[in-house]
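Read off the chains here:
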Amino acid sequence: MDKTPSVAENQHPFWPQDLSIPNYVANDRSMAEILTFLFSVSGMLLVGTWALTGREVAGGRLTAARRLVLCWFTVCGFIHGVIEGWFSLYYPIIPSDQSFLSQLWKEYSKGDSRYVIADNFTVCMETVTAMLWGPLSVWTVLAFLYNRPNRFVLQLIVSLGQLYGAVLYFYTEHRDGYAHSQLGHPLYFWFYFVFMNTLWIVIPLLLIWDSWCQLSAAQSASDAAVAGGKTKEE
């Protein structure tokens, strides 16, 4: 992995400003390059999934709402499995590493410096996310495409895991007094830290409710069928 000479340990863009990061090397790629990559890949996955799900799949055609859900899980598979997977593997060297995904994490760390100091919570949370919610997100997409009976169970499990991780993510930083970001900064705090992570609260909540309704309806239909069978036997 490419290395360049490191800067003095306190010359960094992270908060708190007196944070010691001895091996930190400043990014040689711009914020625009990094964000363009992230949103371009996510956009291509959204467009590709939307096109794929527009065709007739097992069980018939999917509704527009269901297609959007599958677009969400496809992007989740990429972010959890690839981007967060990178962090879970290389967190010890990210401050000094100049690989593209390491630079992406250094850029994001301007909104949450816990990622450049390998904070215990972020390492554990991101490792679980990469190992479980990444592969399970892809499985969820396939389950809907092939009309598998476990599709809403998978949706529920992944969404609960995402919601739990996001709540802990915000709550642990709240207890630290938002010390790892420039509080109130329009880009680093409100966009990187608040907006991008709030998505993993709002959307999973909607999908948990959707799964609840679908599974409850299925159980009600099963109960009615059992009750109808008993009545006939009598």
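A quick note: this is a predicted structure, and the numbers were derived from the prediction, not measured.

Undergrad: Just to check I follow, could you spell out the pattern of salt bridges for this structure?
TA: For side chains bearing opposite charge, pairing can occur when the charged atoms are close. All chains considered together, the criterion is met by five salt bridges. Across the salt bridge formed by R29 and E33, the nearest N and O atoms sit 3.4 Å from each other. When its relative accessible area of 38% is taken as the criterion, E33 is described as partly exposed. Two residues, D112 and R114, come together in a salt bridge whose shortest N-O distance is 2.9 Å. This pair shows no difference in class: D112 is buried, exactly as R114 is. When salt bridges with common partners are traced through the structure, they connect D112, R114 and E173 into a single cluster.

Undergrad: What is the right way to look at the packing of helix α2 (residues 64–90) against helix α3 (residues 100–108) in this model?
TA: Helix packing geometry: the angle between the two helix axes and the distance between the axes. At a minimum axis distance of 10 Å, the contact between α2 and α3 shows a crossing angle of 85 degrees. Comparing their axes, α3 and α2 come out roughly perpendicular. Contacts between α2 and α3 involve V82, I83, E84, W86 and F87 from the first element and L101, S102, L104 and W105 from the second. Per-class residue counts for the contact of α2 with α3 are seven nonpolar, one polar and one charged.

Undergrad: Help me out: how do you make sense of the UniProt feature "domain: EXPERA" (unreviewed entry) in the chain in this one?
TA: In the UniProt entry, the feature "domain: EXPERA" (unreviewed entry) is given for residues 65–208. End-to-end, the C-alpha atoms of residues 65–208 are 15 Å apart, and along that stretch the chain is 74% helix and 0% strand.

Undergrad: Any chance you could explain a nonpolar patch on the surface here in plain terms?
TA: Together, V138, W139, L142 and Y146 make up a nonpolar patch on the protein surface, roughly 410 Å² of accessible area in all. Relative to the elements of secondary structure, Y146 occurs in the loop between α4 (120–145) and α5 (151–175).

Undergrad: Before we go on, may I ask you to explain the environment of P204 in this structure?
TA: Positionally, P204 belongs in helix α6 (residues 188–233). Distance in space between the C-alpha atoms of P204 and S96 is 34 Å, their sequence separation being 108 residues. When sequence neighbours within four positions are dropped, the list of residues in contact with P204 reads W72, S159, Q162, L163 and L199.

About the criteria used
Residues numbered from 1 in each chain as written. Predicted model: local features only at pLDDT ≥ 70, side-chain atom pairs only at ≥ 80, totals over all residues. Heavy atoms only, no water. Salt bridge = Lys/Arg side-chain N within 4 Å of Asp/Glu carboxyl O. Buried < 20%, exposed > 50% of the residue type's maximum accessible area, 1.4 Å probe, protein only. Axes fitted to C-alpha atoms, helices over the stretch in contact; angles between N-to-C directions. Helix = DSSP H or I, 4+ residues; strand = E, 2+ residues; numbered from the N terminus. Parallel < 35°, antiparallel > 145°, perpendicular 65-115°, else oblique. Contact = heavy atoms within 4.5 Å. Nonpolar A, V, L, I, M, F, W, Y, C, P; charged D, E, K, R; others polar. UniProt positions renumbered as here; feature names shortened; annotations may be inferred. Patch = residues over 30% accessible without salt bridge, like charges linked within 9 Å, V, L, I, M, F, W, Y side chains within 5 Å. Areas by Shrake-Rupley, 256 points an atom, 1.4 Å probe, with all protein chains shown as cover.

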